[in-house]
Amino acid sequence: MAENGTDCDQRRIGMIKEQHNGSFTDSSLLSERKRRDREERLNIVLWRQPLVTLQYFFLETLINLKEWTIKLWHRRSILVSFLLTLAVLTATYYIEGTHQQYVRYMEKKFFWCAYWVGLGILSSVGLGTGLHTFLLYLGPHIASVTLAAYECNSVNFPEPPYPDQIICPDEETTEGSISLWAIISKVRLEACMWGAGTAIGELPPYFMARAARLSGAEPDDEEYQEFEEMLEHAETAQDFASRAKLAVQNLVQKVGFFGILACASIPNPLFDLAGITCGHFLVPFWTFFGATLIGKAVIKMHIQKLFVIITFSKHIVEQMVSLIGAIPSVGPSLQKPFQEYLEAQRIKLHHRSDSGVPQGENWLSWMFEKLVIVMVCYFILSIINSMAQSYAKRLQQKMYSEEKTK
């Protein structure tokens, strides 16, 4: 009896070991296949496979349009309400009356805010490589207002042409009358709108992770899969990147609202992980979005604004230009275009087109304009590549599903 019981235990242990070894082999094969599929998808880019990439991009676009159309149809009551509201606003816009001055004012403010919110969304929503709109748009705008404020000793720029063009007001002002707080107040609206846009752009990872946790389905997102793998291997994490990700995840999970606020209030490339963590652990929407909005649109934006304003204040800029001139051999030649650019900006601000300083385009302005064009084009190309790779992933998953059903 005892020997039979021992034999049964040994056979049971042997079966468990075989099952474990089998599952380990299956998981290894699956991981290897995922790695090969990922490498295959990464090769689908315009500069390697242009025709395939464009074909997959258009097919993915059609699929997305079909999905959005179905979603809108299911929410047709909201869509009808939106269209009715839009019709009423359109009628109000075109009907003549004393209300038109308020309509024009609201139109101007609405499109100005929508412009900066849109740029904020593009900066953080994760389309392609993401467009660095702070460096390309908001930062230069704050810098221009700062330089103009110190030159004009005022922020009461005539509207119009502000914000399309900045010129000094005609009123006499005393030297040194401009304050840091006046400049902050001048750019507060656009900066806060941009920050609110970045907060909205952080919502997709949150909703994706939340939906995956509630439904129990595995989402079609590599970042979420990496997050789950990180949770599985949390105790064995050794490298700095993994420990940093775990620190963000622990801070958000344990501290809650104030942990999210802390992560959102500083420049943090790992904040996508905070959104995924909040969605995975079913943190309430308003806890996540409220903390993110306050952190990004209020705290972080004031930090970034202060940095740009201080950096481009009059005495700092003059010191930087003089330091450039002190560089041995090449200093004077490098200093000259900066001096010409600053002088040209002063002429524009005071609206003196009859001055003897040449009005030709400065090469610094030319280079910055071309840099913006190149970065926007690369952003568009990255979106095309990303959507083409998404369609390739659909094909791989379809093939994998067919193999499992055989």
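Residues numbered from 1 in each chain as written. Predicted model: local features only at pLDDT ≥ 70, side-chain atom pairs only at ≥ 80, totals over all residues. Heavy atoms only, no water.

Caption draft 1: Up close: the packing of helix α3 (residues 76–94) against helix α4 (residues 100–124). Contact pair α3 / α4: the axes reach a minimum separation of 9 Å and the direction vectors enclose 120 degrees. In terms of their interaxial angle, α3 and α4 are classed as oblique. Within the contact between the two elements, α3 uses Thr92, Tyr93 and Tyr94 and α4 uses Gln100, Val103, Arg104 and Glu107. (Axes fitted to C-alpha atoms, helices over the stretch in contact; angles between N-to-C directions. Helix = DSSP H or I, 4+ residues; strand = E, 2+ residues; numbered from the N terminus. Parallel < 35°, antiparallel > 145°, perpendicular 65-115°, else oblique. Contact = heavy atoms within 4.5 Å.)

Caption draft 2: Main features of the side chain of Ser124. For Ser124, the position within the fold is in helix α4. Among the polar contacts made by the side chain of Ser124, one reaches the main-chain carbonyl oxygen of Thr198 at a distance of 2.9 Å. Among residues more than four places away in sequence, those in contact with Ser124 are Gly197, Thr198, Gly201 and Glu202. (Polar contact = N/O pair within 3.5 Å; in protein donor to acceptor, adjacent residues only side chain to side chain.)

Caption draft 3: The packing of aromatic side chains, seen in detail. Taken as a whole and assessed by the stated rule, the structure comprises 17 aromatic pairs. Relative to Phe258, the ring of Phe257 lies with its centre 5.3 Å away and its plane at 85 degrees, an arrangement referred to as edge-to-face. Relative accessible area serves as the criterion here: at 28%, Phe257 is assigned to the partly exposed category. Since its relative accessible area comes to 59%, Phe258 is described here as exposed. Ring pairing ties together the aromatic residues Tyr206, Phe207, Phe285, Trp286, Phe288 and Phe289, which thus form one cluster. (Phe/Tyr/Trp six-rings, centres within 6.5 Å; stacked < 30°, edge-to-face > 60°. Buried < 20%, exposed > 50% of the residue type's maximum accessible area, 1.4 Å probe, protein only.)

Caption draft 4: Examining the confidence of the model for the protein chain more closely. Confidence in the prediction for the protein chain averages 77 pLDDT; 77% of positions are at 70 or higher. By mean pLDDT, the top-scoring element of the protein chain is helix α7 (residues 188–201) (91), and the lowest-scoring one is helix α9 (residues 222–232) (58). Across residues 1–6 the pLDDT falls below 50, and counting only partners more than four positions away or on other chains, this stretch makes 0 contacts in the model. Low pLDDT, under 50, characterises residues 352–360; the stretch is placed with 5 contacts to residues that sit more than four places away or in other chains. (pLDDT = per-residue confidence, 0-100.)

Caption draft 5: Just the packing of helix α11 (residues 257–264) against helix α13 (residues 285–311), in detail. Between α11 and α13, the shortest axis-to-axis distance is 8 Å and the interhelical angle comes to 35 degrees. Remark: the crossing between α11 and α13 carries right-handed chirality. Across from Phe257, Ile260, Leu261 and Ala264 in α11, the residues of α13 making contact are Thr287, Phe288, Gly290, Ala291, Thr292, Ile294, Gly295, Lys296, Ile299 and Lys300. Of the residues contributing to the contact of α11 with α13, the split by class is 8 nonpolar, 4 polar and 2 charged. (Left-handed = near helix turned anticlockwise from the far one by under 90°. Nonpolar A, V, L, I, M, F, W, Y, C, P; charged D, E, K, R; others polar.)

Caption draft 6: Broad picture of unusual backbone geometry. The backbone of Asn153 shows a phi angle near 60 degrees, a positive value even though the residue is not glycine. Mapped onto the elements, Asn153 comes out in the loop between α5 (133–152) and α6 (180–186). For Asn153, a relative accessible area of 10% gives the class buried.

Caption draft 7: Region of the structure containing empty space enclosed by the protein. Applying the stated rule across the entire model yields 1 cavity of 30 Å³ or more. What lines the largest cavity is a set of 10 residues, among which Leu147, Glu151, Lys314, Leu342 and Arg346 lie closest to the centre. Taken together, the elements giving at least two residues each to the lining of the largest cavity come down to α5, α14 (314–325) and α15 (331–350). Per-element accounting of the lining of the largest cavity gives the leading share, 4 residues, to α15. For the lining of the largest cavity, the class distribution of residues is 5 nonpolar, 1 polar and 4 charged. (1 Å grid on protein atoms, 1.4 Å probe; cavity = no way out; pocket = protein on both sides within 12 Å on 5 of 7 lines; lining within 4 Å. Points joined across faces, edges and corners; volume = space filled by probe spheres on them.)

Caption draft 8: Highlighting the state of the cysteines. Summed over the entire model, instances satisfying the criterion amount to 1 disulfide. Across the disulfide from Cys152 sits Cys168; the S-S distance is 1.8 Å. Measuring handedness by torsion sign, the sulfur bridge of Cys152 and Cys168 sits at about -70 degrees and is left-handed. Separated by 16 residues along the polypeptide, Cys152 in helix α5 and Cys168 in the loop between α5 and α6 bring together distant segments of the chain. This pair shows no difference in class: Cys152 is buried, exactly as Cys168 is. (Disulfide = S-S within 2.5 Å.)

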